[in-house]
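# Fold and contact review
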Amino acid sequence: MTSTVLARKYRPRGFDSMVGQGHVVQALGNALTQQRLHHAYLFTGTRGVGKTTVSRILAKSLNCVGLDGHGGITASPCGQCQPCRDIDSGRFVDYVELDAASNRGVEEISQLLEQAVYKPVVGRFKVYMIDEVHMLSNTAFNAMLKTLEEPPDYLKFVLATTDPQKVPVTVLSRCLQFNLRPMAAETVFEHLGRVLHAEGIDAEPGALRLLSRAARGSMRDALSLTDQAIAFGAGLLEEAGVRQMLGSVDHAHVQRIIEAVAACDGAALVAAVDTLRQMGLSAAGTLEEMASALQRMAVLQAVPQALDPEDPDAATWAALAPLLAPDETQLFYSLCLQGRAELALAPDEYSGLLMLLLRLLAFKPGQGGGTGPKALGSAAQPDAVEPRRPLVTQAAAAPAGATARPISAPGVSASGNAAVAQVSTPVRVSGGIDAPVPAVAGAPAEPTGTPGPVAPPVVTVRLAAPAPEASQAPCPPVVAAPALPASAPAPRAAPQQPQDGGGIPPWEALPPEANEWDAPAAAMPDEPAWMDVPDDVPDAVSTARPLRAASEPTRTSPRPGASISSPPVDAPSEPRPPVTPTLPPRGADPLSDEWADLVAAMAGHGLIAALVRELAMQAQCVAWREQGEGINGTLRVERESLITAALQDRLTQALTQHLQRPVSLTVERGAAFNTPAQRDQAAREQRQRDAETLIQSDPLVQSLLQQHPGARIVPASIRPI
């Protein structure tokens, strides 16, 4: 005896028995109750969500006559009258189901529409149901447009498709569209429980959860998998058997992987992948289960009260959630999603899975992929690490009042009572970047202001090998650096470098901007030496800097390579200096004025374009002579790529057409000055400077700058209108 499959046996017979499509049931039920019926309906959605079922229920609602045979249109068909039974069995003559995948031509649609002129035989309405309507050809769609727009009163169209994007908009605009949504896993779980209870089959909740997740929103797929599971388990639905049938990864494997990642245990990850390989479990399924587990962990981390007490795995997720910090959970979730697409590119799926799990270790914040257990989460306190000490080339400690002994170092000069050392010292700052630090030794003997406690300056000297001829010459004394605090380690001397730079690799040599610190002492402003030390020098170097008074304004130190007299950051920005060379005013160079006007006129009339216009714009007219009825001109162009015979001929033709006189041009290569392009650039720069000046002098802008200390105008944000 052949049994009916569950998907057909438990197909809903009415709107009240449908699950997961309440929005569609409500709309159709109200329309049937109020007799507001449309002539064409379009049902869209993925496979197994009830498109054909809704179509049959709608046909029964339109043709139901009730048990007494006198019923009318209703939202609750009886299912017992002759039309209802015939529609359920598929033999109702006025209900036609057409598979567009196998009847997609215009001939089949024409035959169907030819029957539309006849009234229903036994029913109240004719219902044409076209399944997978997107498979119809363009000619078939065009053939049914007129009938679909204005069908007879007794004819209703029901179209169903899984791909509404392929349906022409002319068809979509003639139909009332309903989107049937995929079923939620909880909805499928509950419906499977009712079906199995009606069948008298015992099932474990874990098995039903696996089936509902494997269905991926399709109720027909869920019922088909249930049939398969019943056959696999010999009438019993056990979680272990269903997991084995589906090839699903047990949560225990996922739990071990997450615990190994949290503990940075690479050996445990390798062992977990080997176990999955031996059991033949899918790598893609493992990543899917991991993504699901990480999603639940993220929810628990953000909303702890969202834990579902009915979930049998709730205790597992609650135990795993504290192992990872929220940022780590989000990162690992993204890696698992992206890793599923990379499995196809790996030599085999298990090696791809192993590489992804090792990537989780590599990307774990604050970890280097070690095998020992670490602190849980990135929010844990890191191990105490000794801070990086500043690297100072030379800083000798001398007692107070001791005479400094001379140091043989090039680049040190002294005059009068002050000895000034203008050298660049590489100092290691945060981030491992060696930045040159200027050092100034000495201070005025008679300070002009009120004397106060001033710490001795810090002198840092970069040692270099002296030249052979200067090795015996005595050097002037250099003021030694003060003693560092007892807690600071002794500074390390940098390796000596020859003065000529012959032994210095190009990537370690100082930039040319560093030489600007070697200016004479007279060019330095009259400020204490400690003010010239950049603010980003580590504390070990800047310990000798005295505290500024509360009333003294903060001074921004210039960076190496910048001008000493440059304004501070918060000073009002000045208009930009011109980039183009200074051009003579109009009238001082009549020949260039006439050439610029001529080029602008030809460009305005469309006589020159592209490279021909570029040649004219970049050219300087050095000669323009009239000879008889014609004109001989000489142009000077700097760009060699523009000096071609083709461009010269086209420019000559444009000039001849514009001037109505024969023109002969000679183009020579050379530095061009006062060209039309330079004039345009100068005009744009002048407009930009005028706009910046206008903004900076605006009273409203000035008041805003005064109200908000530290605010400034970004010149690049100003554009002329």
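Presented here is an overview of the structure given in this document.

Calculation criteria
- Residues numbered from 1 in each chain as written.
- Predicted model: local features only at pLDDT ≥ 70, side-chain atom pairs only at ≥ 80, totals over all residues.
- Heavy atoms only, no water.
- Phe/Tyr/Trp six-rings, centres within 6.5 Å; stacked < 30°, edge-to-face > 60°.
- Helix = DSSP H or I, 4+ residues; strand = E, 2+ residues; numbered from the N terminus.
- Buried < 20%, exposed > 50% of the residue type's maximum accessible area, 1.4 Å probe, protein only.
- Lys NZ or Arg CZ within 6 Å of the ring centre and 35° of its normal.
- Salt bridge = Lys/Arg side-chain N within 4 Å of Asp/Glu carboxyl O.
- Pairing = 2+ DSSP bridges.
- Axes fitted to C-alpha atoms, helices over the stretch in contact; angles between N-to-C directions.
- Parallel < 35°, antiparallel > 145°, perpendicular 65-115°, else oblique.
- Contact = heavy atoms within 4.5 Å.
- Nonpolar A, V, L, I, M, F, W, Y, C, P; charged D, E, K, R; others polar.
- Left-handed = near helix turned anticlockwise from the far one by under 90°.
- Right-handed = clockwise from strand over helix to strand, strands pointing away.

For the structure on display, the rule yields five aromatic pairs. Centre to centre, the rings of Y128 and F157 are 5.9 Å apart; their planes meet at 75 degrees, and the pair counts as edge-to-face. With Y128 in strand β3 (residues 126–131) and F157 in strand β4 (residues 155–161), the pair connects residues that are 29 residues apart, well separated along the chain. In terms of burial, Y128 and F157 fall into one category: buried. An aromatic cluster of at least three residues, connected via ring pairs, comprises Y41, F43 and F178. Here the basic side chain of R209 rests over the ring of F189, its NZ or CZ set 5.0 Å away from the ring centre.

Bringing the pattern of salt bridges into the picture now. In this structure the tally under the stated criterion is 20 salt bridges. Between E150 and K146 there is a salt bridge, and its shortest N-O distance comes to 3.8 Å. For K146, a relative accessible area of 54% corresponds to the exposed category.

This brings us to the sheet that holds strand β2 (residues 95–99). With respect to topology, five strands assemble into an open sheet ordered β2-β3-β4-β1-β5, the strand pairing being parallel. If you trace the sheet from one side to the other, it starts and ends with β2 and β5 (176–179), each paired once. For this sheet, the mean inter-axis angle between neighbouring strands, taken without regard to orientation, is 15 degrees. Here β2 pairs with β3 via five bridges, running parallel. Bridge assignment links V96 to a residue of β3, and that residue is Y128.

For the rest of this paragraph, the subject is the packing of helix α14 (residues 283–302) against helix α17 (residues 349–362). The description of two helices packed together rests on the angle between their axes and the distance between the axes. For the pair α14 and α17, interaxial distance at closest approach is 9 Å and the crossing angle is 30 degrees. When the axis of α14 is compared with that of α17, the two are roughly parallel. Residues A283, A284, T286, L287 and M290 of α14 touch α17, and the partners they reach there are E349, L353, L356, L357 and L360. Of the residues that constitute the contact of α14 with α17, the class distribution is eight nonpolar, one polar and one charged.

For the rest of this paragraph, the subject is the packing of helix α3 (residues 51–63) against helix α4 (residues 82–89). Closest axis-to-axis distance for the α3/α4 pair is 9 Å, and the angle between their directions is 160 degrees. By the criterion of interaxial angle, the relationship of α3 to α4 is roughly antiparallel. In this structure, α3 meets α4 at a crossing whose hand is right-handed. On the side of α3, the interface is formed by R56, A59, K60 and N63, while α4 contributes P83, C84, I87 and D88.

All right, on to unusual backbone geometry then. A positive phi angle, near 60 degrees, is found at A234, a position not held by glycine. Locating A234 in the fold gives a position in the loop between α10 (219–232) and α11 (239–246). Take A234: its relative accessible area is 69%, and that puts it in the exposed class. Phi at C264 takes a positive value of approximately 55 degrees, unusual for a residue other than glycine. Here C264 is to be found in the loop between α12 (251–262) and α13 (266–279). The class of C264 is buried, set by a relative accessible area of 0%.

Counting buried positions along β3 gives five out of six residues, so the element sits mostly inside the fold. Between the parallel elements β2 and β3, the chain passes through helix α5 (residues 106–114) in a crossover that is right-handed. Note that β3 and β4 share five bridges and pair parallel. Note that in β4 the partner of I130 across the bridge is L159. Assessed by its sense of winding, the connection that carries the chain from β3 through helix α6 (residues 138–149) to β4 is right-handed.

Turning our eyes to something else, we now look at the pairing of strand β12 (residues 619–627). Along a regular strand, successive side chains alternate from one face of the sheet to the other. As paired elements, β12 and strand β13 (residues 630–637) share eight bridges and run antiparallel to each other. Paired with R625 across the two strands is N632, which belongs to β13. Between β12 and β13, which pair antiparallel in sequence order, lie two residues; one of them, G628, sits at a positive phi of approximately 65 degrees.

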